[in-house]
Amino acid sequence: MSFELETAAVAGENLRRVAIDPVSRVEGHGKVTILLDEHNKVHQVRLHIVEFRGFERFIQGRPYWEVPVMVQRLCGICPVSHHLAASKALDVIVGADRLTPTAEKMRRLMHYGQILQSHALHFFHLSSPDLLFGFDSEVSRRNIVGVAEKYPDIARRGILLRKYGQEVIRHTAGKRVHGTGSVPGGVNKSLTAAERAELLKDVYQMIAWSRDAVKIIKELHEQNPALYDRFGTFPSNFMGMVAPDGSLDLYHGVLRAKDAAGNILFDHVDYQTYDTLITEEVKPWSYMKFPYFTSMGPEQGWYRVGPLARVQNCDSIPTPFAEHERREFVAYAGGKPMHATLGYHWARMIEMLFAAETIKELLHDDALAGSDLVVAGERRHEGVGVIEAPRGTLFHHYQVGDDDLVTMANLIVSTTNNNQAMNSAVREVAKQYLDGKEITEGLLNHIEVAIRAYDPCLSCATHALGKMPLEVTLLDAGGRMLDRKYKS
Amino acid sequence: MSSETLDAGMTPRKLKVATVSLAGCFGCHMSFLDIDERILPLLERVEFDRSPITDIKHCGPCDIGLIEGGVCNAENVHVLREFRANCKVLIALGACAVNGGLPAQRNHLELADILQQVYRTGHGLAEGSQIPNDPELPLPLNQVHAVHEVVRIDYFLPGCPPSGDAIWAFLTQLIKGRAPTLGHGLLQYD
Ligand code: SF4
């Protein structure tokens, strides 16, 4: 099936192609193509994911305990998400139905450290140039360097918020990027008194700066509602995980979805059964699949995940400052669901504050210093692990044989869940801003602004491999043939 | 933390630095950002050309090029050659660029089989799913290659990823015009 502006009605030579390649200030490898006629009317817009990896396939045959360390290499921006989603799936396999308090809290701390660093990176390093300077401001200034020159305080706080999150990860996982702290059934280290003291020293500053960050984005919305409410806005379903009591929990819980009007579609779903809910469609022009709720079909059943979905899916946030900000957010939207693409940034900063407050609470918990790290129980052959990664719901599903080797792996990464949403957003922006106009660099950046709101990690969305009808030959520096591409 | 520092005012001209992720996971770029607030003095000495953190889409003439990731498709080859042609010094940053890294684990498998499994017979796919084949998608190579197999590389910085401190020590020496060496604790293979 095809959506409006997905496929030009007349495939033709008389349409002009404009490409944004690569999409920048996002993580990963993607490009946008736009087909226009001689009056600059937009006929087709597509966000293509152009990279391929093959992780799901080459994990097969590996011993299961290697998996949490291997799968991190899908994505260096939120490696902790993959590390933990895989560990949670393997908890099921080793029969660890209940982790020790030390293990559960160390993992939570690691995860909220990551939410903090990733949200800070995304907001300050990648998106703030658009929001602070304007979508069509000068290219040379539209980056974190430009922000550091004009708003040195904002840039510095962004850098230090990210640094703090990375330090939480280092103390829990052993390393800032691609650590090894989580293992099937638990963790392999607890927190020393020195590590705890070091992290506690700065946490109040991080909470204060996170509150300021929410203020920055809230004020941007309030100053220019015409732009912030309308830019790339479209209705959709929302999905995310919540705690069993309906409050926000990014580490563990049950699945809940709401429709565009805010009515519950499903709730309290055990994620071990995720595959009865979701089907994935493949389109010929992207390596990233398009998931949808099976019961509703591809046209009605696609959905959004991530901060905008989560902040509106939950009934409350369990930390005081973030809960206060959630209520402001809900009030701003007049009690109706907010569907604005730029609302993602606001929701993201509320979550960053939630992460900072949660880290503070965890650091006061003596269980972090415990020595009971790993449990095991009845061995199983299949397990699903789900986590709310910075960009949204992340599914890891494995089957393991009696010989401990993985026989099947299926991953639905956060950005894949938002694939249709990102395509809808760029089409909406093309209709609002590009249609009939002379295309300029500044206008094209509007398309990227919409993509950046989702903070796509196109890097980890591309664990598959593609096939092309042509053939290329790869020659080395000396002109010898190294490889030929796959020929159909 | 590495003891290297950057004294301001030593070189008159800012050095141009370009960075790219080929078949990598962006972890090496994240590790670069793990130099944390040291990025601020660095920015007094260097200027970024094409990089995931700027909106410059093609590499122009540069002093230093940092390549993350190996080569897995025709597009990677093209970008890598563009970097070699434009950068005076080209650096393979991290295990994937140095030797293909984890993505090269697909090298012992048949590409056709992987495609078949991921897009046709995989778990939870819609009926009739086909392997993507649009001309907008770059041509995949049968194998993932290290970058030095395709172009000449001046320096190799191992690690998955190399630490922020290692990247800092390496760059500060290079910027001062020395041949970089990494001391104890900075050179890692993981
Ligand atoms: S070397 Fe490691 S961190 Fe760097 S791109 Fe490869 S997998 Fe990612």
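Residues numbered from 1 in each chain as written. Chains lettered and ligands numbered in written order. Predicted model: local features only at pLDDT ≥ 70, side-chain atom pairs only at ≥ 80, totals over all residues. Heavy atoms only, no water.

Notes on the overall build of chain B
Thinking step 1. Broken down by element type, chain B carries 6 helices and 7 strands.
Thinking step 2. Listing every helix and strand of chain B by position from the N terminus yields β-α-α-β-β-β-α-β-α-α-β-β-α.
Thinking step 3. With the C-alpha coordinates aligned to their principal axes, the bounding extent of chain B is approximately 65 × 35 × 30 Å.
Thinking step 4. Looking at chain B as a whole, 63% of its 190 residues qualify as buried. (Helix = DSSP H or I, 4+ residues; strand = E, 2+ residues; numbered from the N terminus. Buried < 20%, exposed > 50% of the residue type's maximum accessible area, 1.4 Å probe, protein only.)

A short note on the environment of Pro225 of chain A
Thinking step 1. Within the fold, Pro225 of chain A resides in helix 8 (residues 225–230).
Thinking step 2. What Pro225 of chain A contacts, discounting residues up to four positions off in sequence, is Arg230 and Tyr332 of chain A. (Contact = heavy atoms within 4.5 Å.)

Comments concerning helix 3 (residues 74–86) of chain B
All names here are of chain B.
Thinking step 1. The end-to-end C-alpha distance of helix 3, which contains 13 residues, comes to 19 Å, matching closely the 18 Å that a straight helix rising 1.5 Å per residue would cover.
Thinking step 2. Turning to helix 3, its buried residues are Asn76, Val77, Val79, Leu80, Glu82, Phe83 and Arg84.
Thinking step 3. Structurally, the start of helix 3 carries an N-cap: the backbone nitrogen of Glu75 is 3.1 Å from a side-chain oxygen of Asn73. (Expected span 1.5 Å × (residues − 1). Polar contact = N/O pair within 3.5 Å; in protein donor to acceptor, adjacent residues only side chain to side chain.)

Details of the side chain of Arg452 of chain A
Residues and elements named next belong to chain A.
Thinking step 1. Mapped onto the elements of the fold, Arg452 is located in helix 16 (residues 441–453).
Thinking step 2. According to the relative accessible area criterion, Arg452 is buried, its value standing at 1%.
Thinking step 3. A distance of 2.8 Å separates polar atoms of two side chains, one belonging to Arg452 and the other to Asp130.

Observations concerning the UniProt feature "binding site: Mg(2+)" (unreviewed entry) in chain A
Residue and element names in this part refer to chain A.
Thinking step 1. UniProt feature "binding site: Mg(2+)" (unreviewed entry): in the numbering of this structure it lies at Glu56, Leu411 and His463.
Thinking step 2. Its place among the elements puts Glu56 in helix 1 (residues 55–58).
Thinking step 3. Polar contacts involving the side chain of Glu56 include one to the main-chain amide nitrogen of Leu411, which spans 2.9 Å.
Thinking step 4. Topologically, Leu411 is positioned in strand 14 (residues 406–412).
Thinking step 5. Taking the relative accessible area as the measure of exposure, Leu411 reaches 1% and is therefore buried. (UniProt positions renumbered as here; feature names shortened; annotations may be inferred.)

Some points on the domain arrangement of chain A
Residues and elements named next belong to chain A.
Thinking step 1. One can read the domain layout of chain A as domain 1 (16–52 + 420–487) and domain 2 (55–419).
Thinking step 2. Contacts between domain 1 and domain 2 engage 42 residues on the former and 44 residues on the latter.
Thinking step 3. Of the roughly 3,800 Å² buried where domain 1 meets domain 2, counting both sides, 59% is carbon and sulfur surface.
Thinking step 4. A salt bridge links Glu441 to Arg142; the shortest N-O distance between them is 2.7 Å.
Thinking step 5. Taken together, the links from domain 1 to domain 2 amount to 19 residue pairs in polar contact (both at pLDDT 80 or more). (Domains from an automatic or database assignment. Buried area = accessible area lost by both parts, 1.4 Å probe. Salt bridge = Lys/Arg side-chain N within 4 Å of Asp/Glu carboxyl O.)

Let's talk about the nonpolar core
Thinking step 1. Formed by 183 residues in total, the largest nonpolar core has its most connected members in Ile34, Tyr398 and Ile447 of chain A.
Thinking step 2. Each of domain 1 (16–52 + 420–487) and domain 2 (55–419) of chain A gives at least three residues to this core.
Thinking step 3. Setting aside residues no more than four positions away along its own chain, Ile34 of chain A makes contact with Arg16, Arg17, Val18, Val42, Gln44, Val45, Leu434, Leu444 and Ile447 of chain A.
Thinking step 4. Residues Cys59, Val71, Ala92 and Ile153 of chain B belong to the second largest nonpolar core, which totals 21 residues. (Core = buried A, V, L, I, M, F, W, Y, C linked by side-chain atoms within 4.5 Å.)

Concerning the packing of helix 4 (residues 101–133) of chain A against helix 6 (residues 152–173) of chain A
Two quantities define a packed helix pair, namely the angle between the helix axes and the distance between the axes.
All names here are of chain A.
Thinking step 1. In the contact formed by helix 4 and helix 6, the axes pass within 8 Å of each other and the chain directions differ by 160°. In this view, helix 4 runs roughly antiparallel relative to helix 6, as classed from their interaxial angle. Remark: the crossing between helix 4 and helix 6 carries left-handed chirality.
Thinking step 2. Looking at the contact of helix 4 with helix 6, its residues break down into 15 nonpolar, 9 polar and 1 charged. (Axes fitted to C-alpha atoms, helices over the stretch in contact; angles between N-to-C directions. Parallel < 35°, antiparallel > 145°, perpendicular 65-115°, else oblique. Left-handed = near helix turned anticlockwise from the far one by under 90°. Nonpolar A, V, L, I, M, F, W, Y, C, P; charged D, E, K, R; others polar.)

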